[in-house]
Amino acid sequence: MIKTKNSSSLLVSIIKYSIPLMMTGILQLFYNAADGIVIGRWDSSNSLAAVTSVGALINLIINVFMGLGVGTAVTVSHDFGANDYEGVKRTIHTSYIVSAISGLIVGAIGCIFSKYFLIWMKSPEEVIGLSTTYLSIYFLGAPALLVYNFAASGLRSVGDTKHPLLFLSISGLVNVVLNIIFVVLFNMSIVGVALATIISQYLSAIMVIIHQLKRTDCAHLDFKSLSIDRLKLLKIIRIGLPAGIQGSIFSLSNTVIQSSVNSFGPEVIAANGAAQNLGDFTYIAQNSIAQSSLTYVGQNVGSKNYERINKVVGICIMLVTVVGLFLGTLTYAFANPLLSLYLPNNPNSWQFGRIRFFYIGIPYFLCGIMEVMANSQRGMGMSTTPMFTSLIGSCALRLVWVYTIFASNPTLPILYLSYPITWISTSAAHSIFYFIKLSKLKKLKNNT
């Protein structure tokens, strides 16, 4: 556990922890960004729409299982904070088995049912065939994607953010090179970008496995020790499953919104997808800080140092606000040149991307605050409360907005306004439950 003496050193510690995590997430995002840029510049706008419009659908299918990675991170953080290194080992070996099985399930669901989901999302005829091809190949990489993410979660929870960054730097570079080779040189279009992505995913998974086999500390991986520890599995599920369900239902609401975007036609779909790709970099930067709040809160809970939790959360809220406002405003200011990376031959569509940047990008820091408050509760061992809060405050309200306010005035600005409004409502609810839980922990400590 990283020990700090005051708020200033805690701020520096959180920043140092967050930056490699942030860079790791940005490189992971670069998979899709590279896909979009290459396909947009050297193929067609329909192909770009096919690649960039399926993010919500991918998350809808995969997030339940990715949530178990959050359960892994919290469980390892608690054990590591309590100096229970044997517990860390049992959690890591359990999570490897869970991630591999989850990856196979996700891959099967994605390959079999993607087309039916796309039909439900009302994907245009010009796009649905291309999207189905892309997803059928993409989901073959699901086992590698989950193994890497579970393993990286465990490493970060013991303070190692550098190796996950290194592995994604290498695999991200490979992804870009393969995109150019497959699409530009071999003219493989959608198939090329999908193959480049899954090859890179398997490469990152292999590298993290080799690294953990070589480690000599509590994060060491031993194939002979691979087994499921029932108590660790139950804790991973108890914390991770609600987080996964929350993520999937979030994606369900985003999928409904994507279907609303689809109703405006391929040009708007492509511009929205490009703007979303670019906006995701702001989200990842903020989410990395939110993940830091989960780890730091979790470690302080493990060591029963509850007095420091408010300081951790306050610093993280300040950081996501500064980072979110800066990146959101910067993206809007340079909207045209950024969108031209994806849509160089269709400048008329840039106006639709600018609308998304204005209504979602600039106030994106509100989403960061919401994520910090939710992850802080998970770090304290809460799971169902932030799930239900998010489902009601964000997802349900967002769906109500789509089927009432947007239905009566179907414009892009009205559709996009659903995001900042639900971020504010959910953050307020998360804050209430956070303070209630923290108060209970302090009282429990004082009574023992």
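None of these values were measured; they are calculated from a predicted model.

A.B. asks: Before we move on, could you go through the overall build of the protein and cite the residues and values that matter?
C.D. replies: Looking only at helices and strands, the protein features 17 helices and zero strands. For the protein, whose C-alpha radius of gyration is 21 Å, the value lies close to the compact-globule estimate of 22 Å for 448 residues. Across its three principal directions, the C-alpha atoms of the protein cover 65 × 50 × 35 Å. In the protein, which comprises 448 residues, the share counted as buried stands at 58%. Considering only residue pairs separated by 6 or more positions, the protein has 85% of its internal contacts joining residues 24 or more positions apart. When the 29 positive and 15 negative side-chain charges of the protein are each reduced to one mean point, those points stand 12 Å apart.

A.B. asks: So what's going on with the side chain of Ser427? Which residues, and what values?
C.D. replies: Within the secondary structure, Ser427 sits in helix α17 (residues 418-446). A distance of 2.8 Å separates the side chain of Ser427 from the backbone oxygen of Trp423, its partner in a polar contact. Not counting residues up to four positions away in its chain, the partners in contact with Ser427 are Leu366, Ile369 and Met370.

A.B. asks: Hey, could you go over the environment of Val51 for me, with residue numbers and the actual values?
C.D. replies: The topology assignment puts Val51 in helix α2 (residues 45-52). The class of Val51 is buried, set by a relative accessible area of 7%. Between the alpha carbons of Val51 and Gln276 there is a distance of 12 Å; along the sequence they are 225 residues apart.

A.B. asks: Break down empty space enclosed by the protein for me, citing the residues and quoting the values.
C.D. replies: The probe, sized like a water molecule, is rolled over the atoms to show the empty space still left. One pass over the full model with this rule turns up five cavities of 30 Å³ or more. Estimates place the volume of the second largest cavity at around 50 Å³. Taken together, Ala275, Gln276, Gly279, Asp280, Arg356, Phe357, Ile360, Gly361 and Tyr364 make up the lining of the second largest cavity. Breaking the lining of the second largest cavity down by element, the ones donating at least two residues are α10 (266-302) and α13 (350-361).

A.B. asks: Can you break down helix α15 (residues 384-408) residue by residue, with the values?
C.D. replies: Helical geometry: 3.6 residues make up each α-helical turn, so side chains three or four residues apart lie on a common side. Spanning 25 residues, α15 covers 34 Å between terminal C-alpha atoms, matching the ideal 36 Å at 1.5 Å per step. Most pronounced at Trp401, the bend in α15 amounts to some 35°. Buried within α15 we find Pro386, Met387, Thr389, Ser390, Leu391, Gly393, Ser394, Cys395, Arg398, Trp401, Val402 and Phe406. On its buried face, α15 is in contact with α9 (230-262), α14 (365-379), α16 (412-416) and α17.

A.B. asks: Mind laying out a nonpolar patch on the surface, listing which residues take part and the relevant values?
C.D. replies: On the surface, a cluster of nonpolar side chains totalling about 520 Å² of accessible area is made up of Trp42, Ile180, Val184, Leu185 and Phe186. The leading source of residues in the nonpolar patch is helix α7 (residues 162-185), at three residues. Note on placement: Val184 falls in helix α7. The exposure class of Val184 is partly exposed, given its relative accessible area of 33%.

A.B. asks: Tell me about the packing of α7 against helix α8 (residues 189-214), and please be specific about residues and values.
C.D. replies: For the pair α7 and α8, interaxial distance at closest approach is 8 Å and the crossing angle is 155°. In terms of axis orientation, α7 runs roughly antiparallel to α8. Seen from above, α7 lies across α8 with right-handed handedness. Classifying every residue of the contact of α7 with α8 by side-chain character gives 14 nonpolar, 10 polar and no charged.

A.B. asks: For the packing of aromatic side chains, give the residues involved together with the corresponding values.
C.D. replies: Following the criterion strictly, the structure yields 11 aromatic pairs and no others. Seen from their ring centres, Tyr17 and Tyr296 are 5.6 Å apart, and the 85° between their planes marks the pair as edge-to-face. Of this pair, Tyr17 sits in helix α1 (residues 7-42) while Tyr296 sits in helix α10, and the two are 279 residues apart along the sequence. Considered together, Tyr17 and Tyr296 belong to a single accessibility category, that of buried residues. Ring geometry for Tyr364 against Trp423: centres 5.2 Å apart, planes inclined by 10°, an arrangement best described as stacked.

A.B. asks: Outline the nonpolar core, listing residues and values.
C.D. replies: Ranked by size, the top nonpolar core spans 61 residues in total, and within it Ile14, Ile309, Leu339, Met380 and Trp423 carry the most contacts. Among the elements that take part in this core, α10 stands out by supplying 12 residues, more than any other. Dropping the residues within four chain positions of it, Met380 is found in contact with Val297, Val301, Ile309, Tyr434, Lys437, Leu438 and Leu441.

A.B. asks: Any chance you could break down the confidence of the model for the protein for me, citing the residues and the numbers?
C.D. replies: When pLDDT is averaged across the protein, the result is 86; 94% of the residues are at 70 or more. Of the regions scoring below 50 in pLDDT, residues 1-5 engages in 13 contacts with residues more than four places distant in sequence or in other chains.

A.B. asks: Explain the pattern of salt bridges to me, and be specific about the residues and the numbers.
C.D. replies: On inspection of all chains with the given rule, the structure shows four salt bridges. In this structure, Asp229 and Arg90 form a salt bridge, with 3.0 Å as the shortest nitrogen-oxygen distance. One end of the pair, Asp229, is in the loop between α8 and α9; the other, Arg90, is in helix α4 (residues 85-120), with 139 residues separating them in the sequence. On the basis of relative accessible area, Arg90 is assigned to the partly exposed category, the value being 30%.

A.B. asks: Let's hear about the state of the cysteines: which residues, and what values?
C.D. replies: Across all of its chains, the model carries zero disulfides by this definition. Free of any disulfide, Cys316 has its nearest cysteine sulfur in Cys367, 15 Å distant. You can call Cys316 buried: its relative accessible area is 0%.

What counts as what
- Residues numbered from 1 in each chain as written.
- Predicted model: local features only at pLDDT ≥ 70, side-chain atom pairs only at ≥ 80, totals over all residues.
- Heavy atoms only, no water.
- Helix = DSSP H or I, 4+ residues; strand = E, 2+ residues; numbered from the N terminus.
- Rg over C-alpha atoms; globule rule 2.2 N^0.38 Å.
- Buried < 20%, exposed > 50% of the residue type's maximum accessible area, 1.4 Å probe, protein only.
- Contact = heavy atoms within 4.5 Å.
- Lys, Arg positive; Asp, Glu negative; His and termini not counted.
- Charge placed at Lys NZ, Arg CZ, Asp CG, Glu CD.
- Polar contact = N/O pair within 3.5 Å; in protein donor to acceptor, adjacent residues only side chain to side chain.
- 1 Å grid on protein atoms, 1.4 Å probe; cavity = no way out; pocket = protein on both sides within 12 Å on 5 of 7 lines; lining within 4 Å.
- Points joined across faces, edges and corners; volume = space filled by probe spheres on them.
- Expected span 1.5 Å × (residues − 1).
- Bend = angle between axes of the 7 residues up to and from the residue.
- Patch = residues over 30% accessible without salt bridge, like charges linked within 9 Å, V, L, I, M, F, W, Y side chains within 5 Å.
- Areas by Shrake-Rupley, 256 points an atom, 1.4 Å probe, with all protein chains shown as cover.
- Salt bridge = Lys/Arg side-chain N within 4 Å of Asp/Glu carboxyl O.
- Axes fitted to C-alpha atoms, helices over the stretch in contact; angles between N-to-C directions.
- Parallel < 35°, antiparallel > 145°, perpendicular 65-115°, else oblique.
- Left-handed = near helix turned anticlockwise from the far one by under 90°.
- Nonpolar A, V, L, I, M, F, W, Y, C, P; charged D, E, K, R; others polar.
- Phe/Tyr/Trp six-rings, centres within 6.5 Å; stacked < 30°, edge-to-face > 60°.
- Core = buried A, V, L, I, M, F, W, Y, C linked by side-chain atoms within 4.5 Å.
- pLDDT = per-residue confidence, 0-100.
- Disulfide = S-S within 2.5 Å.

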